[in-house]
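Chain and residue survey
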There are 2 protein chains.
Amino acid sequence: MAFFVEGAKNVTELLLSDFTITHLLLTDKFLSEQQTLLARFEGEKIVTTPKALKSMGTFSSNEQALAVARIKPNAPLEIRPGELILALDDIRDPGNLGTIIRIADWYGIKKILLSPETADVYNPKVLHASMGSFSRMSFEYVDLKSKLSDVAVPVYGAFLEGVSIHDFEGGTDGVLLMGNESHGIRDDLKALVSQKLTIPAFGAAESLNVAIATAVICDNFRRLNK
Amino acid sequence: MAFFVEGAKNVTELLLSDFTITHLLLTDKFLSEQQTLLARFEGEKIVTTPKALKSMGTFSSNEQALAVARIKPNAPLEIRPGELILALDDIRDPGNLGTIIRIADWYGIKKILLSPETADVYNPKVLHASMGSFSRMSFEYVDLKSKLSDVAVPVYGAFLEGVSIHDFEGGTDGVLLMGNESHGIRDDLKALVSQKLTIPAFGAAESLNVAIATAVICDNFRRLNK
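The following refers to the structure shown. These numbers were taken from a predicted model, which means no experiment stands behind them. (Residues numbered from 1 in each chain as written. Chains lettered and ligands numbered in written order. Predicted model: local features only at pLDDT ≥ 70, side-chain atom pairs only at ≥ 80, totals over all residues. Heavy atoms only, no water.)

1. Quick look at the overall build of chain A
When helices and strands are tallied, chain A shows nine helices and 10 strands. Each principal axis of the C-alpha atoms in chain A carries an extent, and together these give about 55 × 40 × 35 Å. Each of the 226 residues in chain A was classed as buried or not, and the buried ones make up 54%. A sequence separation of at least 24 residues applies to 75% of the contacts in chain A between residues at least 6 apart. Entry remark: accessible area of chain A is about 10100 Å², with carbon and sulfur atoms responsible for 51%. Taking the 23 positively charged and 28 negatively charged side chains of chain A as two groups, their mean positions are separated by 5 Å. (Helix = DSSP H or I, 4+ residues; strand = E, 2+ residues; numbered from the N terminus. Buried < 20%, exposed > 50% of the residue type's maximum accessible area, 1.4 Å probe, protein only. Contact = heavy atoms within 4.5 Å. Areas by Shrake-Rupley, 256 points an atom, 1.4 Å probe, with all protein chains shown as cover. Lys, Arg positive; Asp, Glu negative; His and termini not counted. Charge placed at Lys NZ, Arg CZ, Asp CG, Glu CD.)

In structure tokens:
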């Protein structure tokens, strides 16, 4: 199974990752600007024009490169004490998922568990929004209920009636569970949450977008383990 | 000049705001569910079908209401000590702008200054992403350089080489200036920033989306004035 990424930034990150790139379509510009990186690449290089690249990909702005790579098999991720892991329950919007991957990468998270209903990591919109961060992340699509039923670390979840993240003094390790854009965390997963957390509101908006909430919680967690 | 909003959530918020709604297209469902709110509405009500509503708006999921309202004139906003104000320099993406408006509303910000190049607040995508928060916000499209040249409050900006927001002890009032998605804050505005701030990174991502960065900075500011 293969996927493709578009744009100089994403292709560069993919070349630096452990993904196996089978085909690389690139323009003279990318070829001359990325000589060092390309010297190590052993797959097939096809030099083409910006116009042809645009017509092949899904984004109108790609003028440099497109890579075809192998999808990694869906392998179980180990949940170890001492690390912070994300679990995404039913995140449907590809833009949200890509943004969350970028946030996770910013805050030093390396593993993301995804419910089967969550958007496909290899969707071009997800890859684009992740700005290359997907290449540094490990993913497992899994039934979250069974995966999180018996873990030795705390499971955090965002709720309206939890402890304020401005007062909370934990979060250095464990699983941060984020729920669906409209419905939040599903009922049968709520029981697995060992610590409910709340982002304090200071105005009148009823909620925050799930990617925004993920970033704010991660930032509050990380300020504790500087 | 008129604009329109779609969907039960946004129309409900608009009915609660000080915007002048001239026409309201609604389905029987919305009519029966929002009786109290609609009793106070004196404009024209047109009852229609979900199918007709969908064909009129830009979103495929609108099944309840669409409102046509008057655009507010672009009036100068006063920058007073004691309040936190957002200034957006060249935020082009409507989704980002709408998300930022929602974030501002969550964190109790009531005024947003926008450079002329920033997306239109009344763009349907902006209104949709703001989830009704635009109705509680005051906006001024203005040349930021002249507006911010002579203010009596601090001007904060996000840079790679600023003070860590995890160490910074201010931000209870002033102007938070956020720059373009790709290029950041423009050179001629940089000189107006009195305090450079940085969101500490713990992983490998090069940057955060501008809406995400806005949320994280606002959250760090607000935790100081609980």
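2. Let's talk about the sheet that holds strand S1 (residues 2–6) of chain A
All names here are of chain A. Spatial strand order, S1-S4-S2-S3: four strands in an open sheet with mixed pairing. In the strand order of this sheet, the two ends are held by S1 and strand S3 (44–47), each with one partner. For this sheet the average axis-to-axis angle between neighbouring strands, irrespective of direction, equals 15°. Summarising the sheet, strand S2 (residues 21–26) and strand S4 (residues 65–70) pair through five bridges and their orientation is antiparallel. Across the sheet, Leu25 pairs through a bridge with Leu66, a residue of S4. (Pairing = 2+ DSSP bridges. Axes fitted to C-alpha atoms, helices over the stretch in contact; angles between N-to-C directions.)

3. Things to note about the state of the cysteines
On inspection of all chains with the given rule, the structure shows zero disulfides over all chains. Residue Cys218(A) stays outside any disulfide, its sulfur separated by 17 Å from that of Cys218(B), the closest cysteine. (Disulfide = S-S within 2.5 Å.)

4. Some points on the packing of helix H5 (residues 94–106) of chain A against helix H9 (residues 210–222) of chain A
Residues and elements named next belong to chain A. Closest axis-to-axis distance for the H5/H9 pair is 9 Å, and the angle between their directions is 10°. On the basis of the axis angle, H5 is roughly parallel to H9. Taken together, the residues of H9 that come into contact with H5 (itself represented by Asn96, Thr99, Ile100 and Ile103) are Val210, Ala211, Thr214 and Ala215. For the contact of H5 with H9, the class distribution of residues is five nonpolar, three polar and no charged. (Parallel < 35°, antiparallel > 145°, perpendicular 65-115°, else oblique. Nonpolar A, V, L, I, M, F, W, Y, C, P; charged D, E, K, R; others polar.)

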